[in-house]
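Residues per chain, in single letters:
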Amino acid sequence: MFSRIRSQQGVAVVGATLLGYGIMVLAGVLGWVIPFAVAALVATAGEFALAHRFAATAVLLEKAGVEPVWRWLVRDLSVTLLIVSTVRPGVAATIGIMLLPAALWAVAVGTTALNRVVEGRAATPAFTRNIDVGAVRGVPTLPAWAERVVGLRMPVLNFLLPPAAVAAALVDGVTPVLVTGLVTLAIGLVAAAVLTSTLLRGRGRTPGVLPAVHDWLARERPEVALYFAGPGKDVYQANMWLAPVEAVGRRAVVLLRAEDAFEALADTRLPVICVPAGVDFMNLDFSPVRVALYAANVGANIHMIREPGVRHVFVGHGDSDKQASVNPYSKVYDEVWVAGRAGRERYAQAGVGVLDQDIVEVGRPQLSGVPTFGSAATDRRFTVLYAPTWEGWLDDDPHHTSLVAMGERIVSGVLAANVRLIYKPHPLTGTRWDKARAANDRIINLIRAAGGEVDVDSLEGDAHLVVTGRVPALFDCFTVTDLLISDVSSVVSDFVQSQRPYVVANPAGLPEDDFRSAYPTSRAAYLLSADCGELGKILDLAQAGDDPMTAARRELKEYLLGPDEPNPMDRFRAEIERLCA
């Protein structure tokens, strides 16, 4: 609701701002000083609001072609019109009034090109963590004040011209406008001089990060690379592999391609290198690398896959029955590693071109810290984890997540029982579907109203929790969970490790046999229909410990995750050793 109101306010601000500019032009032509002053005040206030409060609305306005540059040109034109129609200056004064703003615009255009050179030279081509790159040579950069002024931002200085034009009209002289124009031009020229000096001082110099990265790779010669080219919002896909790669016992490195992913990456002891530009990345020497592990299918993977002599392995970010788990892109890799027999059969049934001999079952080494509890009672408060998946990439799949169709009923039902609720939505929830974002907000409000804690960083205590940050991680939540409620996703497959009861939502209302046949991970699950009518009975059964699905979960665990012996971490390590040999 609040986002809708904010959007409506933003549209109102846009309307008022554009109307203000229109009235400024009309008042300038007709010589209406007071209407011009009021319209100028409205337009200026509107620009400030768009820049600081309604930035998203301002972006939409720019996409419509009404960029700030055009609005500011209209402003400066209206100033000239008002002076000409009210003061009626001579030819020389009129030329001066026209040339001063034009000169500032000329300086703005000139500094735009120079600033791109300075920014490109100063941009850090690589970011590192846990790597000693020594003293890195820097390049001169603009002072903060000059950075805010140069380029096409410079004409914003002319916001002083409308009040000067009003003053000029009132005193019947052009002096206020000429003085103001000279002041703004002087500021622009000073900023241009600083920019030129910065450009000349940095001539021939580039940041020394990349040479240091080259030296580190040649010196340390990493054998295993965890490669992730996705954005920061998807970095959870790489985070789940940090601990296993740390434990392989080989020299390893994390390779990232997006600065926001570098910033969002979880804490790790592994060396981390982030090189956003494709050309810079491809110029690095990865010849010592024997194995590259890919957590996601991203187009920029090609920059690493092109490396000869490296064994390229797709490890993904969780095995599930979702279509994304059998992407045809996977056939570009030398091998595809899955958790258990279910993953192998999933590729065989999909027929996407991945050969059976290229599939390796390694288990889920991330789950080594998730204990197997079974359905035995514990001495803490019975805890339910609701971890729905996100809305997915397809617009025609409204039942990809239970969040919209039944999420509030699930949460209300759990809150009404004498149990503890932990709500952990998927990191991408609401990124593609407003309904999912709204449902998530309503669920958080329900939990807050029930005395729950929001945005926590610890699972301690008995309070209801909303977990949305990187910590606690999903697997941490597993260790305190007695019953999971989720969707068709890798969350279910991984939770089977605990041998605890779990529920899979069936928002589409498929017949039970059809649902279990289509989604093998639900074979040992309690199914929950859209009306959540079964929820009370499931909660009673799970709390009583009289769980008829125990044997089915034990059997399903080996099918989904592979055998307990050898340990999944040992299997993962052994496969790394095989490819490094």
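As the structure is a computational prediction, the values presented were derived from the model and not from experiment.

A. Spotlight on the nonpolar core. Formed by 36 residues in total, the largest nonpolar core has its most connected members in L293, W337 and I576. For this core, the secondary-structure elements that each account for two or more residues are β2 (224–228), α11 (242–246), β3 (252–256), α12 (259–264), β4 (272–274), β5 (291–294) and α23 (568–580). A total of five residues in this core trace back to one element, the largest contributor, which is α23. Not counting residues up to four positions away in its chain, the partners in contact with L293 are V224, A225, L226, Y227, V245, V313, V315, W337, F572 and I576. One finds Y227, F286, V352 and I359 within the second-largest nonpolar core, a separate group that totals 32 residues.

B. View of the sheet that holds strand β11 (residues 453–454). Strand order in the open sheet formed by seven strands is β11-β12-β10-β9-β13-β14-β15, with parallel pairing between adjacent strands. Each edge of the sheet is formed by a strand with only one pairing partner; in this case those strands are β11 and β15 (526–529). The sheet contact formed by strand β14 (residues 502–506) and β15 spans four bridges and is parallel. The residue bridging V503 from the neighbouring strand is Y526, located in β15. Against the sheet, helix α16 (residues 403–416) contacts β9 (383–387), β10 (420–423), β13 (483–486), β14 and β15, and its axis sits at roughly 170 degrees relative to β9.

C. The sheet that holds β5, seen in detail. Taken in spatial order, the eight strands make up an open sheet running β1-β4-β3-β2-β5-β6-β7-β8, and their pairing is mixed. This sheet does not close on itself; its edge strands, each paired only once, are β1 (127–129) and β8 (359–361). Taking each pair of neighbouring strands and ignoring which way they run, the sheet shows an average axis angle of 25 degrees. Pairing analysis gives two bridges linking strand β6 (residues 311–314) to strand β7 (residues 335–338), with the strands arranged parallel.

D. Representation of the environment of V488. Within the secondary structure, V488 sits in the loop between β13 and α19 (490–495). In this view, V488 contacts D321, K322, V504, F515 and Y519; residues no more than four positions away in its chain are not counted.

E. Geometry of the packing of aromatic side chains. Across all of its chains, the model carries 13 aromatic pairs by this definition. Measuring from centroid to centroid gives 5.3 Å for F314 and Y333, while their planes differ by 20 degrees, and the two rings are stacked. Here F314 is found in strand β6, whereas its partner Y333 is found in the loop between β6 and β7, with 19 residues between them in sequence. Summarising the burial analysis for this pair, F314 and Y333 share the class buried. Here Y329 and Y333 contribute two aromatic rings whose centre-to-centre distance is 6.0 Å and whose plane-to-plane angle is 55 degrees, an arrangement assigned as tilted. Owing to a relative accessible area of 26%, Y329 belongs among the partly exposed residues under this scheme. Feature note: the residues Y227, F281, F286, Y294, F314, Y329 and Y333 constitute an aromatic cluster, connected by ring pairs. Over the ring of F262 we find R129; its NZ or CZ atom is 5.5 Å from the centre of that ring. In this arrangement the basic side chain of R257 is found over the ring face of F281, its NZ or CZ atom lying 4.5 Å from the centre.

F. Region of interest: the pattern of salt bridges. For the structure on display, the rule yields 24 salt bridges. Between E361 and R344 there is a salt bridge, with its nearest N and O atoms 2.8 Å apart. Within this pair, whereas E361 is found in strand β8, its partner R344 is found in helix α15 (residues 341–350), the two being separated by 17 residues in sequence. When salt bridges with common partners are traced through the structure, they connect E223, R250, R251 and E577 into a single cluster.

G. Molecular detail of helix α4 (residues 68–86). With 19 residues, α4 should reach 27 Å at 1.5 Å per residue; the first-to-last C-alpha distance of 27 Å fits that figure. For α4, the full list of buried residues reads V69, R71, W72, R75, D76, S78, V79, T80, L82, I83 and S85. Positioned one or two residues after α4, R88 has a phi angle of 50 degrees, which is positive.

H. Quick look at the packing of α4 against helix α7 (residues 161–171). Contact geometry of α4 with α7 gives a least axis separation of 10 Å together with a crossing angle of 5 degrees. It follows from the interaxial angle that α4 and α7 lie roughly parallel. Contacts between α4 and α7 pair R75, D76, V79, L82, I83 and T86 from the former with L161, P162, A165, V166, A168 and A169 from the latter. Looking at side-chain class alone, the contact of α4 with α7 contains nine nonpolar, one polar and two charged residues.

I. Main features of the side chain of T268. The topology assignment puts T268 in the loop between α12 and β4. Of the polar contacts made by the side chain of T268, one reaches the side chain of E246; its length is 2.7 Å. Side-chain polar atoms of T268 contact the backbone nitrogen of L270, separated by 3.0 Å. Other than its neighbours up to four places away in sequence, T268 contacts R129, N130, L242 and E246.

J. Local environment of a nonpolar patch on the surface. Residues L26, V29, L30 and W32 make up a contiguous nonpolar surface patch of about 380 Å² in total accessible area. For V29, the location among the structural elements is in helix α1 (residues 2–30).

The rules behind each value
Residues numbered from 1 in each chain as written. Predicted model: local features only at pLDDT ≥ 70, side-chain atom pairs only at ≥ 80, totals over all residues. Heavy atoms only, no water. Core = buried A, V, L, I, M, F, W, Y, C linked by side-chain atoms within 4.5 Å. Buried < 20%, exposed > 50% of the residue type's maximum accessible area, 1.4 Å probe, protein only. Helix = DSSP H or I, 4+ residues; strand = E, 2+ residues; numbered from the N terminus. Contact = heavy atoms within 4.5 Å. Pairing = 2+ DSSP bridges. Axes fitted to C-alpha atoms, helices over the stretch in contact; angles between N-to-C directions. Phe/Tyr/Trp six-rings, centres within 6.5 Å; stacked < 30°, edge-to-face > 60°. Lys NZ or Arg CZ within 6 Å of the ring centre and 35° of its normal. Salt bridge = Lys/Arg side-chain N within 4 Å of Asp/Glu carboxyl O. Expected span 1.5 Å × (residues − 1). Parallel < 35°, antiparallel > 145°, perpendicular 65-115°, else oblique. Nonpolar A, V, L, I, M, F, W, Y, C, P; charged D, E, K, R; others polar. Polar contact = N/O pair within 3.5 Å; in protein donor to acceptor, adjacent residues only side chain to side chain. Patch = residues over 30% accessible without salt bridge, like charges linked within 9 Å, V, L, I, M, F, W, Y side chains within 5 Å. Areas by Shrake-Rupley, 256 points an atom, 1.4 Å probe, with all protein chains shown as cover.

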